[in-house]
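Structure at a glance
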2 protein chains.
Amino acid sequence: MSRYFTRDLRPYVPGEQPEDLSRFVKLNTNENPYPPSEKALAYAREHCRALNLYSDLSARELRAALAAEVGLEPENVLLSNGSDELLYFAFLAFCSAQRGAVFPDISYGFYPVFARLCGIPYREVPLRSDLSIAPEDYFDRHELVVLANPNAPTGLLLGPEDIRSILERNRDSVVLIDEAYIDFGGLSCAGLVREYDNLLVARTFSKSRSMAGARLGYAYGSAALIGDLETVRYSVNPYNVNSYTLALGLGAVLDGDYTRARCRDIQETRGYTIQMLERRGFAVLPSAANFIFARHPDIPGAALYAALKARGVLVRHFDKPRITDYNRITIGTRAQMDALLAAVDEIVRTER
Amino acid sequence: MSRYFTRDLRPYVPGEQPEDLSRFVKLNTNENPYPPSEKALAYAREHCRALNLYSDLSARELRAALAAEVGLEPENVLLSNGSDELLYFAFLAFCSAQRGAVFPDISYGFYPVFARLCGIPYREVPLRSDLSIAPEDYFDRHELVVLANPNAPTGLLLGPEDIRSILERNRDSVVLIDEAYIDFGGLSCAGLVREYDNLLVARTFSKSRSMAGARLGYAYGSAALIGDLETVRYSVNPYNVNSYTLALGLGAVLDGDYTRARCRDIQETRGYTIQMLERRGFAVLPSAANFIFARHPDIPGAALYAALKARGVLVRHFDKPRITDYNRITIGTRAQMDALLAAVDEIVRTER
């Protein structure tokens, strides 16, 4: 830290990103194991704007395509440089020293980072003992409510009626539903934007659309909420999404069949992996995401993480009360999961 | 604005970005008229990391290549999603309610936007009557000093000794030199990072490297200053640069000959354009950038802007005291400048 630094920040700690990817079966940052579709890549090659020109500020075609997926209008869509950026914009736009934020104690680790960066008060509400969210904990909060659905790292899902009740009981503040993982088994609440002007839905191309490296996020909300986020965007970084990603993103939306097929593949592999892990004595939370949250009765979470890493399999362990026994395991290809299972078998044998 | 919005912002107003680019000779946002080099594009095609994986957080190879260009180390380089993002990071990192910022009254319009967004006090120091920067106005400020060099929209350059004197007289605060346009005739001060731990230099791939649409900026500074900016980056958006742009950026650095050749082309066209405009009675400031700042003795700036736009030529007019007579004109290809000159001739004839 230099003597010029004015902030007291506790930055986000991303999952390990080894420089030599070939050394690991990488199941630690919830990436999609499949590449973007050939059609999307071809579309990007053909339609990417000349790179010496600035990217399209309005990106109307992509916003229209995303709006159409949930029956909304382009004015209901904001694009961002990954969904982290739009989550940050939302904290900036809808919080202040007087209006804080509330989210579960176990959820996406970036929420408290944003709150601290924005200098706003925040409260972390404990999950139930089964690690599920109690909707009533988020009633009548008078502050920004932030919920990941399905939640991370648990993978547990809230139903549409729970979301509706939370919206209903927070008419005076924004409810931000982070649907990064919704395409792997959940039902988006984006359609509720037509009924609730306090609903903001965060989405990403990083997971179901296989574009983590391209950096594209988007939000659904009322035209007024999206307008507020655009005001923030034009105060931070108007040209926030690059031209190649805008073209590839539209290509990916146009080839929705591919995304749906790969999501089905991942759900199938998830079912297989859960079954295989349960056979080996693991307890696995029911997951609606492209990852599972699992613990072994005899092997502490940190030990399993380390033993897997020593065998070339990267998963994510959170050294945090209540979940220290667990590991979060991304669902990759069948071959990747078999490599995980083989490593697990070896570890279990050694432990005995 | 929604009733949930907590901020009082005055967002940046970018130059017009018409949806149908084919209708205009676009000389209004200082884009490079030449595409990225074929070699850089080929390098990107070959080396772009699989897009389903997150982008490389450390991007060590690109940082090393940029460091080598000015005799520094990778630890002296930060990468960002365009240079706007890193300018914002600098305001966040080095300002506070107690430590404001100072910059010229006529400069890049984003500086006051960042100051307002960060809630910090700021002062705009008037340029001299000839629109040049008086270095001594920035001595002993005890706050973040921000200077574009060459300045925008004037194109005027400060010499290395002026920069050094400003650094010398601000040892207790950061001096941010925004070198977005330095490759078109200036001399970078990045080497001074070895001597001054308070120097931060902002650079971009948008101008000289023809990559405005790819979004890549970078900063040079002491390892401690860069570390502070990394702390901010990891609190805002760690995966801020996408994989395609990281690969294309490295390809562009490796093909420095192409960049230098295109910069020479633009400087040559700039000389030609200035000569032709002066022949037509314009006063043009001496420019070290890829744009010129020009006024006609008889045609008000706003009228010229509108008349050019009506003829399909977009330039940028700032409706601001002291510079309202001027227009900022990007240097494009020779053919684009001839189109500008033809439109000017038509307008001058009409005005008589």
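Residues numbered from 1 in each chain as written. Chains lettered and ligands numbered in written order. Predicted model: local features only at pLDDT ≥ 70, side-chain atom pairs only at ≥ 80, totals over all residues.

**Some points on the overall build of chain A**
When its secondary structure is counted, chain A shows 10 helices and 12 strands. The C-alpha radius of gyration of chain A comes to 20 Å, within 12% of the 20 Å expected for a compact globule of 352 residues. The buried share among the 352 residues of chain A stands at 55%. Expressed as a percentage of contacts within chain A between residues at least 6 apart in sequence, the contacts between residues at least 24 apart total 72%. (Helix = DSSP H or I, 4+ residues; strand = E, 2+ residues; numbered from the N terminus. Rg over C-alpha atoms; globule rule 2.2 N^0.38 Å. Buried ≥ 20, exposed ≤ 12 C-beta atoms within 10 Å, placed from the backbone. Contact = placed C-beta atoms within 7 Å.)

**Let's talk about the domain arrangement of chain A**
Residues and elements named next belong to chain A. Here chain A is partitioned into domain 1 (21-34 + 257-351) and domain 2 (38-254). On a C-alpha basis, the centres of domain 1 and domain 2 stand 26 Å from each other. Domain 1 puts 23 residues into the contact, and the matching count from domain 2 is 21 residues. Elements supplying a minimum of two residues to the side of domain 1 that touches domain 2: helix H8 (256-279) and strand E10 (291-295). With 6 residues, the top contributor of residues to the side of domain 1 that touches domain 2 is H8. Class assignment for the residues of the side of domain 1 that touches domain 2 results in 13 nonpolar, 6 polar and 4 charged. (Domains from an automatic or database assignment. Nonpolar A, V, L, I, M, F, W, Y, C, P; charged D, E, K, R; others polar.)

**Side note on the environment of Arg 49 of chain B**
Mapped onto the elements, Arg 49 of chain B comes out in the loop between helix H1 (38-47) and helix H2 (60-69). By C-beta crowding, Arg 49 of chain B is classed as partly exposed, having 17 other C-beta atoms within 10 Å. Each C-alpha atom of the pair Arg 49 of chain B and Leu 314 of chain B lies 37 Å from the other, and the pair is 265 residues apart in sequence. For Arg 49 of chain B, the contacting residues outside a window of four places in its chain are Gly 213 of chain A together with Ser 55, Asp 56 and Ser 243 of chain B.

**Focus on unusual backbone geometry**
Between Ala 152 of chain A and Pro 153 of chain A the backbone carries a cis peptide bond, its omega angle lying at 5°. The residue Pro 153 of chain A is located in the loop between strand E5 (144-148) and helix H5 (160-168) in this model. Asn 149 of chain B connects to Pro 150 of chain B through a cis peptide bond whose omega is -5°. Of note, Ser 210 of chain A is a non-glycine position whose phi angle comes to about 60°, a positive value.

**Here's the deal with the environment of Gly 332 of chain B**
Residue and element names in this part refer to chain B. Within the secondary structure layout, Gly 332 lies in the loop between strand E12 (326-330) and helix H10 (334-351). For Gly 332, a count of 23 C-beta atoms within 10 Å gives the class buried. Separated by 306 residues in the primary sequence, Gly 332 and Lys 26 place their C-alpha atoms 8.3 Å from one another. Apart from the residues within four sequence positions on either side, Gly 332 is in contact with Leu 27, Pro 33 and Met 337.

**Observations concerning the sheet that holds strand E9 (residues 283-284) of chain A**
Consider a sheet: its strands pair through backbone hydrogen bonds, and that pairing is either parallel or antiparallel. Residue and element names in this part refer to chain A. With antiparallel pairing, 3 strands are arranged side by side in an open sheet as E9-E10-E12. What marks the edges here is a single partner per strand, and that holds for E9 and strand E12 (326-330). Sheet topology note: the E10/E12 ladder contains 5 bridges and is antiparallel. When the bridges of E12 are listed, Phe 291 appears paired with Thr 330. Where H8 meets the sheet, its contacts fall on E9 and E10, and the angle it forms with E10 comes to roughly 5°. (Pairing = 2+ DSSP bridges. Axes fitted to C-alpha atoms, helices over the stretch in contact; angles between N-to-C directions.)

**A few points about the relation of the copies chain B and chain A**
Between chain B and chain A, the superposition needs a rotation of 180° and an axial shift of 0.0 Å, giving an RMSD of 0.0 Å. Such a turn and shift between the copies fits a two-fold axis. (Least-squares fit on C-alpha atoms with pLDDT ≥ 70 in both.)

**A short note on the interface of chain B and chain A**
Contacts between the two partners involve 67 residues from chain B and, on the opposite side, 67 residues from chain A. Mapped by element, the contributors of at least two residues to the side of chain B that touches chain A are helix H3 (83-94), helix H4 (110-118), helix H6 (223-236) and helix H7 (243-254) of chain B. With 8 residues, H6 of chain B is the largest single contributor of residues to the side of chain B that touches chain A. Taken together, the residues of the side of chain B that touches chain A sort by class into 34 nonpolar, 23 polar and 10 charged.

**Some points on the packing of H8 of chain A against helix H10 (residues 334-351) of chain A**
Residue and element names in this part refer to chain A. For the pair H8 and H10, interaxial distance at closest approach is 10 Å and the crossing angle is 15°. Viewed along their axes, H8 and H10 adopt a mutual orientation that is roughly parallel. Helix-helix and strand crossings are classified by hand; for H8 and H10 the assignment is right-handed. Residue-level contacts link Thr 269, Tyr 272, Thr 273 and Met 276 of H8 to Arg 334, Met 337 and Leu 341 of H10. Classifying every residue of the contact of H8 with H10 gives 4 nonpolar, 2 polar and 1 charged. (Parallel < 35°, antiparallel > 145°, perpendicular 65-115°, else oblique. Left-handed = near helix turned anticlockwise from the far one by under 90°.)

**Description of the pairing of E12 of chain B**
The buried count for E12 of chain B comes to 5 of 5 residues, which makes it a mostly enclosed element. Going residue by residue along E12 of chain B, you find Tyr 326, Arg 328 and Thr 330 of chain B tucked away on one face and Asn 327 and Ile 329 of chain B tucked away on the opposite face as well.

**Some details on the sheet that holds E12 of chain B**
All names here are of chain B. The strand order across the open sheet formed by 3 strands is E9-E10-E12, and the pairing between neighbours is antiparallel. Edge positions in the open sheet fall to strand E9 (283-284) and E12, since each of these has one partner strand only. With 2 bridges joining them, E9 and strand E10 (residues 291-295) adopt antiparallel strand pairing. Bridge assignment links Val 284 to a residue of E10, and that residue is Ala 294. Running at roughly 5° to E10, helix H8 (residues 256-279) makes contact with E9 and E10 of the sheet.

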